[in-house]
Amino acid sequence: MTLSEMRRILDEGGIQLTKSLGQNFLHDGNQLRRIVAAAELKPTDRVLEIGPGLGPLTEQLLEHAGEVFAVEKDARLVSILLQRFADQPKLRLLHGDGLEIVRADASEWAGWKLVANLPYSVASPILVELASNPHPPERMTATLQLEVARRLMAKANDDDYGILSLLVQIRFEPRGIFKIPSGCFFPPPDVDSACITLVRREVPLLPEELRATFVRVVKLAFSQRRKMMLKLLKQEWPAEQLNEAVSALKLSPLVRAEAVTLEQFVALTRLLHG
Ligand code: SAM
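Please read these numbers as outputs of a predicted model, since none were measured by experiment.

(A) The arrangement of the domain arrangement of the protein in detail. As far as domains go, the protein holds domain 1 (3–200) and domain 2 (208–272). For domain 1 and domain 2, the distance between their C-alpha centroids amounts to 33 Å. Contact with domain 1, which involves 13 residues of that partner, is made by 16 residues of domain 2. Buried area between domain 1 and domain 2, summed over both chains or domains, comes out near 1200 Å², and the portion from carbon and sulfur atoms is 70%. Its largest share of buried area at the contact with domain 2, domain 1 owes to Tyr161, Ile163 and Leu166, together 40% of the area lost on that side. Counting across the domain 1 and domain 2 interface gives 0 salt bridges. At the junction of domain 1 and domain 2, the tally comes to 5 residue pairs in polar contact (both at pLDDT 80 or more). Per-element accounting of the side of domain 1 that touches domain 2 gives the leading share, 4 residues, to helix α8 (residues 163–169). Across the side of domain 1 that touches domain 2, the residue classes tally to 7 nonpolar, 4 polar and 2 charged.

Spelled out as structure tokens, the structure:
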């Protein structure tokens with residue numbers, strides 16, 4: 001889908017784009033192909049796309065996957081998509097809120113891949129929600145704000161490491177990142193963008209029943225970045241239990257959360273659970 005095609009469709013529909021919905025459409029064929037390549041699609045794959053917009057990525061996904069479930073919040077775009085893809089039996093299009101769809105209690109994504117150029121305002125909650133699902137997707141290839149992408153990829157001691165990194169990496173391994181220049185979107189966004197790939201861990205690092213404790217530990221540990229982790233955790237756990245846990249993990253009692261690895265948070269969760 002070229003830039004001039006996009007402009008024509010928007011002009012014909014008399015559509016003014018809505019900034020709050022993050023409507024920056026990707027018109028660069030090379031970047032679209034890179035995204036699809038990163039998703040490693042097979043003809044039998046089922047793909048969830050949140051925010052199809054005018055459908056430049058949808059088009060490619062339909063070519064490479066077995067089924068595409070696309071959720072778009074803007075009714076004007078849904079009508080355009082219905083016309084554009086009227087003869088596409090592989091596409092299921094839903095007018096709705098992608099965040100609500102992934103939050104739905106009954107949602108199960110184990111047999112799915114997420115491939116999306118996400119609306120930036122809800123990109124992090126969507127990825128955290130999917131990573132927290134007991135049946136998360138097999139792979140997530142998402143285009144989002146570069147700053148958020150860096151947080152998702154970050155490891156202990158990186159500047160961008162924090163709650164978002166841990167809540168997603170507990171279930172997904174970061175695999176790759178590439179930047180997408182602003183000029184590849186219409187209109188160009190004010191922020192830099194990147195596409196990241198996250199692959200579901202074959203074996204979860206923690207059993208499902210410990211997830212809530214992991215989230216409590218991580219959120220409290222990072223509640224004040226510059227403070228010692230032990231001091232912060234003392235708000236919820238007895239000092240004795242914490243001291244024993246920290247010494248069992250050979251962590252310094254002075255350590256800050258930003259220096260504690262994912263694996264150490266996992267071990268700490270096990271020791272503090274119950
Ligand atoms: N995938 C298209 C592309 O690459 O050109 C559009 C991407 S654009 C960054 C984000 C799209 O998400 C827009 O079409 C916007 O209307 C839609 N959107 C915004 N918030 C949404 C939400 N909560 N649920 C579903 N779609 C949403």
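(B) Expanded view of the sheet that holds strand β3 (residues 67–72). Across the sheet, which stays open at both edges, the 7 strands sit in the order β4-β3-β2-β5-β6-β9-β7 with mixed pairing between neighbours. In the strand order of this sheet, the two ends are held by β4 (91–95) and β7 (172–180), each with one partner. Across the sheet, the mean angle from the axis of one strand to that of its neighbour is 20°, orientation sign disregarded. Helix α7 (residues 146–153) contacts β6 (139–145), β7 and β9 (193–200) of the sheet and is inclined by roughly 155° relative to β7.

(C) Expanded view of the site of the ligand. Lining the immediate environment of the ligand, one finds 23 residues, of which Leu26, Gly51, Glu72, Gly98 and Asn117 sit closest. Here an oxygen atom of the ligand sits 2.8 Å away from a polar atom, N or O, in the main chain of Leu26. Asn117 has a polar side-chain atom sitting 2.7 Å from an oxygen atom of the ligand. In terms of residue class, the shell around the ligand is made up of 10 nonpolar, 8 polar and 5 charged.

(D) The arrangement of the environment of Leu57 in detail. As for its position among the elements, Leu57 is in helix α3 (residues 56–64). Residue classification places Leu57 among the buried residues on the basis of a relative accessible area of 3%. Residues Leu57 and Thr44, 13 residues apart in the sequence, show an inter-C-alpha distance of 18 Å. Each residue touching Leu57, except ones within four places of it in the same chain, is listed here: Leu32, Ile35, Val36, Glu49, Val115, Ala116 and Asn117.

(E) Seen up close, the packing of helix α2 (residues 29–39) against α3. At a minimum axis distance of 10 Å, the contact between α2 and α3 shows a crossing angle of 45°. Between α2 and α3, the angle falls in the class oblique. The chirality of how α2 crosses α3 is right-handed. Here Leu32, Arg33, Ile35 and Val36 of α2 come into contact with α3, specifically with Pro56, Leu57, Gln60, Leu61 and His64. Considering only residue class, the contact of α2 with α3 consists of 6 nonpolar, 2 polar and 1 charged.

(F) A look at the packing of helix α9 (residues 211–221) against helix α12 (residues 262–272). Between α9 and α12, the least distance of the axes is 9 Å, while the angle of their chain directions is 115°. α9 and α12 meet at a crossing whose hand is right-handed. Together, Thr213, Phe214, Val217, Val218 and Ala221 of α9 and Leu262, Phe265, Val266, Leu268, Thr269 and Leu272 of α12 make up the contact between the two elements. Grouping the amino acids of the contact of α9 with α12 by side-chain chemistry returns 9 nonpolar, 2 polar and no charged.

How each quantity is defined
- Residues numbered from 1 in each chain as written.
- Predicted model: local features only at pLDDT ≥ 70, side-chain atom pairs only at ≥ 80, totals over all residues.
- Heavy atoms only, no water.
- Domains from an automatic or database assignment.
- Contact = heavy atoms within 4.5 Å.
- Buried area = accessible area lost by both parts, 1.4 Å probe.
- Salt bridge = Lys/Arg side-chain N within 4 Å of Asp/Glu carboxyl O.
- Polar contact = N/O pair within 3.5 Å; in protein donor to acceptor, adjacent residues only side chain to side chain.
- Helix = DSSP H or I, 4+ residues; strand = E, 2+ residues; numbered from the N terminus.
- Nonpolar A, V, L, I, M, F, W, Y, C, P; charged D, E, K, R; others polar.
- Pairing = 2+ DSSP bridges.
- Axes fitted to C-alpha atoms, helices over the stretch in contact; angles between N-to-C directions.
- Near = heavy atom within 4 Å.
- Buried < 20%, exposed > 50% of the residue type's maximum accessible area, 1.4 Å probe, protein only.
- Parallel < 35°, antiparallel > 145°, perpendicular 65-115°, else oblique.
- Left-handed = near helix turned anticlockwise from the far one by under 90°.

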